[in-house]
Amino acid sequence: VEDYLAGRGIDKHMASLFRLGRCDDIHEGRLAIPYLRPSGTIWFNYRSLDGSKPKYMASGARHLYNTAALDLADSTGEIAIAEGELDTIVSSGVCGIPCVGIPGATQWSGNRSWHELFRGYQVIWILADPDDAGLALAASIMEVLPRARLVKLPGDVTDTYLKHGEIRSFLK
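Model, not experiment: these values are computed from the prediction. (Residues numbered from 1 in each chain as written. Predicted model: local features only at pLDDT ≥ 70, side-chain atom pairs only at ≥ 80, totals over all residues. Heavy atoms only, no water.)

Draft legend 1. Representation of the overall build of the protein in the model. Within the protein one finds seven helices and eight strands. On C-alpha atoms alone, the protein measures out to a radius of gyration of 15 Å, which is about the 16 Å that the 2.2 N^0.38 rule sets for 172 residues. Counting only C-alpha atoms and orienting by the principal axes, one finds that the protein spans roughly 45 × 35 × 30 Å. By residue count, 49% of the 172 residues in the protein fall in the buried class. Long-range contacts, defined as pairs at least 24 residues apart, comprise 53% of the intrachain contacts of the protein with a sequence gap of at least 6. About 8600 Å² of surface is accessible on the protein, with carbon and sulfur atoms providing 51% of the total. Averaging the positions of the 18 positive and the 21 negative side-chain charges in the protein gives two centres separated by 4 Å. (Helix = DSSP H or I, 4+ residues; strand = E, 2+ residues; numbered from the N terminus. Rg over C-alpha atoms; globule rule 2.2 N^0.38 Å. Buried < 20%, exposed > 50% of the residue type's maximum accessible area, 1.4 Å probe, protein only. Contact = heavy atoms within 4.5 Å. Areas by Shrake-Rupley, 256 points an atom, 1.4 Å probe, with all protein chains shown as cover. Lys, Arg positive; Asp, Glu negative; His and termini not counted. Charge placed at Lys NZ, Arg CZ, Asp CG, Glu CD.)

Draft legend 2. Inspection of the pairing of strand β3 (residues 40-48) at higher detail. One ladder, built from eight bridges, connects strand β2 (residues 30-37) with β3; its direction is antiparallel. When the bridges of β3 are listed, R30 appears paired with S48. Following β2, the chain reverses through two residues before pairing antiparallel with β3. Where β3 and strand β4 (residues 56-57) come together, two bridges link them in antiparallel fashion. Among the inter-strand pairings, Y46 is bridged to a residue of β4, identified as M57. (Pairing = 2+ DSSP bridges.)

Draft legend 3. Spotlight on the sheet that holds strand β5 (residues 78-83). Pairing in this open sheet of four strands is parallel, and the strands run β6-β5-β7-β8 from one edge to the other. Strands at the two margins of the open sheet, each flanked by one partner only, are β6 (99-102) and β8 (148-150). Looking at each pair of strands side by side, their axes are set apart by 25 degrees on average, direction ignored. Across four bridges, β5 lies against β6 in parallel orientation. Each residue of the ladder has a partner; that of I81, found in β6, is V100. (Axes fitted to C-alpha atoms, helices over the stretch in contact; angles between N-to-C directions.)

Following this line, the structure appears as structure tokens:
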């Protein structure tokens, strides 16, 4: 797991902070990604580490990832929305840009309660993947949040970070 995460720009400290780890249960061999709240873990998503399908396995209702970033963003007036948990960790934890994650490009539209969480922010950065699904996600976010701005990254958040060493310079 450490090598996989390091290859994604996530060091041991960040992995520990976000409580990432390998599963040893029915999801054996997958990366366990807990959704943390002050009261504890409320949900898990499980990512394939070896490219096997499905890429992610989860059950039940989907949740926003890293909602603690909303508290930090309250003081700055800006928040980022990324597609996926690992891109969220790179943005928020590694690059210092308060960021929440959508657990999959198709999840935004079906979770209207999430929309209200972003209404008070002056700037909303959309860190969508530069593919059809990511662009569709960005369009659906901008439809309900007119202040939201699509950040044009040359790759996903993680790939951009790995190539450029940061992502903040792309926020325009």
